[in-house]
Structure formats: structure tokens, C-alpha cells
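A closer look at the structure
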Amino acid sequence: CSPCFSLSKMSKSCQAAALGPAPNQEDLKKLDRALPTYMLRTTGWDERTAMKRWTETLKWRCEIDDDKMVQRPNPDFFRIHPHYPTYLHLEDRAGRLTYWEILGKMDPDALAREG
């Protein structure tokens, strides 16, 4: 059967992408995927163009399974991390993990050597 999937088991980005090319702003807000201000700013405050770009972004995020990205191991993590220290920290007010990059301890030469 074709639609043998549960919308509730889909990521929020996939649920938002499923709303189509011109989703209702309130529906996006309920999914914590409201049209970001930076999308409006980069389109000269053209809401239609910004929404088109945002829906394309949501579709791409769905394709890469963005909600589960931090759960998948990066095969190069142990080669990169000593030269580019990063850390997941506590959740922000919206429940998203915060991510710290320690740029002062980054070693670009070593990163280049590691490929």
C-alpha cells in the first residue's frame, strides 16, 4: 500500500515538506519550522520567494534526515576532532542541543594533512 507510513513518525522537516510548496505559516510554526527571518532578508523581504526557498530547504532537510543527523556517527570523527574540537552541550530553550566549536584550538594544517 502506497501511503503506509505514519506522518507522526516522520521528522518535523519531512512533515513540513509534506505541506507542499505554499504551506500555511501557522502549520509550519506548529512543527517548529516557521519561515526564518534570514530567508526573508536574503530575498529582499519577498515572502513568496522566501517561502519557495524555505520549502526547498525543508525538502532537502527531509532527504538528509536532519533530525537524526547527530545520532549517526561520522566515519571521520576521530580523525577530525583532535584538530577541530567541538562539543554538544545542554539544550536551549526550544529543546535543541547547543553545539560548541572551540575555534582557538583548531589546527587547520593538521586538518589539511588528514584530508
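This text follows the structure it describes.
The notes below deal with the structure included here.

Cut-offs applied
Residues numbered from 1 in each chain as written. Predicted model: local features only at pLDDT ≥ 70, side-chain atom pairs only at ≥ 80, totals over all residues. Heavy atoms only, no water. Helix = DSSP H or I, 4+ residues; strand = E, 2+ residues; numbered from the N terminus. Buried < 20%, exposed > 50% of the residue type's maximum accessible area, 1.4 Å probe, protein only. Areas by Shrake-Rupley, 256 points an atom, 1.4 Å probe, with all protein chains shown as cover. Lys, Arg positive; Asp, Glu negative; His and termini not counted. Charge placed at Lys NZ, Arg CZ, Asp CG, Glu CD. Pairing = 2+ DSSP bridges.

1. Considerations on the overall build of the chain
When you go through the chain residue by residue, the secondary structure sums to 6 helices and 2 strands. Going residue by residue from the N terminus, the α and β elements of the chain occur as α-α-α-α-α-β-β-α. Projecting the C-alpha coordinates of the chain onto the three principal axes gives extents of approximately 45 × 45 × 30 Å. Out of the 115 residues in the chain, the part that is buried amounts to 22%. Summed over its atoms, the accessible surface of the chain is roughly 8900 Å², and 56% of this surface lies on carbon and sulfur atoms. The averaged location of the 17 negative side-chain charges in the chain is 3 Å from the averaged location of its 18 positive side-chain charges.

2. Focus on the pairing of strand β1 (residues 86-91)
Sheet topology note: the β1/strand β2 (residues 97-101) ladder contains 4 bridges and is antiparallel. The residue bridging E91 from the neighbouring strand is L97, located in β2. As consecutive antiparallel partners, β1 and β2 are separated by 5 residues, and within that stretch G95 has a phi angle of approximately 90°, a positive value.

Interpretation in functional terms is not warranted from these geometric data alone.
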